[in-house]
Amino acid sequence: MYFTVLTIFPEMFDSFWKHGIIRRAIEHNQMVASAVNIRDYAEDRHQVTDDRPYGGGSGMVMKPEPLAAAIRDTTKTLKTARTVLLTPQGRVFNQKLAWELVSYEALILVCGRYEGVDERICHDLIDDEISIGDYVLTGGELAAMVIIDAVTRLLPGALGGKDAADKDSFSDELLEHAHYTRPSDFEGREVPKVLRSGHHQAIETWRIESALMRTLLKRPDLLQKKKLNPQQWEIFTKWHREIEKILDFQKSKKKGA
Ligand code: 4HQ
């Protein structure tokens, strides 16, 4: 997959390309990534990329000409690319959108600075607008990195030996189960016994319950919009029965008192 980022701060990406899964994906030719300086496409002597807003007011706007030239030049080499603008006005990024983006051969990620880009760029040269969340950044660069990071780990083979099931749609709608490593006793707090039992079926069941319980307690909103699979239904039903037993006991105690 090809990623080209258009930015006035390409140096921000120098270390980003050089670490972890991103670095490995590049080394294994699973992705080709670069950051291109929009300033290089400015025609004037001072290579200006911003200008004052029509109608007045504070702040500056990204000039359309350098940005348009940068997008057109990049599209010439990446003919099938989808051009995405990072903006709070875009579709809010999530795992589902990450899966959609990984299906493209190439992405051109356009990073604005200042108050934003000239509206005519959005209209004529952008295929899609994406936001990474409802807060205001000083530029689109961190948003581009977030998207590249989430999409790269979905590339075939990108997680190395990691189980492909970890990436499937069922597990990524829930929080992950708790994780433990050595020592088995850390400051008096022990790793759950089942995880040290070597009993693979019991471990798998524990993990499914752990994921479901953590989601229920920390992010109930994720469960409210989710269709449960039969195994998850069974776990909820078991909890339901256990809670009913407790409630029945508490009620009987109240009556007795
Ligand atoms: N921006 N998700 C770039 C964002 C943003 C977001 C504000 C985009 C500033 C210049 N981008 N402009 N949230 O806050 O993607």
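Residues numbered from 1 in each chain as written. Predicted model: local features only at pLDDT ≥ 70, side-chain atom pairs only at ≥ 80, totals over all residues. Heavy atoms only, no water.

1. What to know about the site of the ligand
What surrounds the ligand is a group of 16 residues, the closest being Ile132, Gly133, Tyr135, Leu137 and Ala143. A distance of 3.0 Å separates a nitrogen atom of the ligand from a polar atom in the backbone of Tyr135. One nitrogen or oxygen atom from the main chain of Leu137 is found 2.8 Å from an oxygen atom belonging to the ligand. When isolated, the ligand has an accessible area of 360 Å², and the protein chains bury 95% of it. When atom positions are compared with the pocket grids, the ligand is found to occupy the second largest pocket. (Near = heavy atom within 4 Å. Polar contact = N/O pair within 3.5 Å; in protein donor to acceptor, adjacent residues only side chain to side chain. Areas by Shrake-Rupley, 256 points an atom, 1.4 Å probe, with all protein chains shown as cover. 1 Å grid on protein atoms, 1.4 Å probe; cavity = no way out; pocket = protein on both sides within 12 Å on 5 of 7 lines; lining within 4 Å. Sits in = over half its atoms within 2 Å of the grid points.)

2. Comments concerning the pairing of strand S5 (residues 82–92)
Here S5 runs beside strand S6 (residues 106–110); their pairing, made up of four bridges, is parallel. Bridging across to S6, Leu85 finds its partner in Val110. Taken together, S5, helix H3 (residues 95–101) and S6 constitute a β-α-β crossover, and its handedness is right-handed. (Pairing = 2+ DSSP bridges. Helix = DSSP H or I, 4+ residues; strand = E, 2+ residues; numbered from the N terminus. Right-handed = clockwise from strand over helix to strand, strands pointing away.)

3. Some words on the side chain of Gln30
Summarising the element assignment, Gln30 is placed in the loop between helix H1 (20–27) and strand S2 (32–37). Within the structure, Gln30 has its side chain in polar contact with the backbone oxygen of Pro156 (distance 3.0 Å).

Interpretation note: all reported values are geometric properties and have no functional meaning in isolation.
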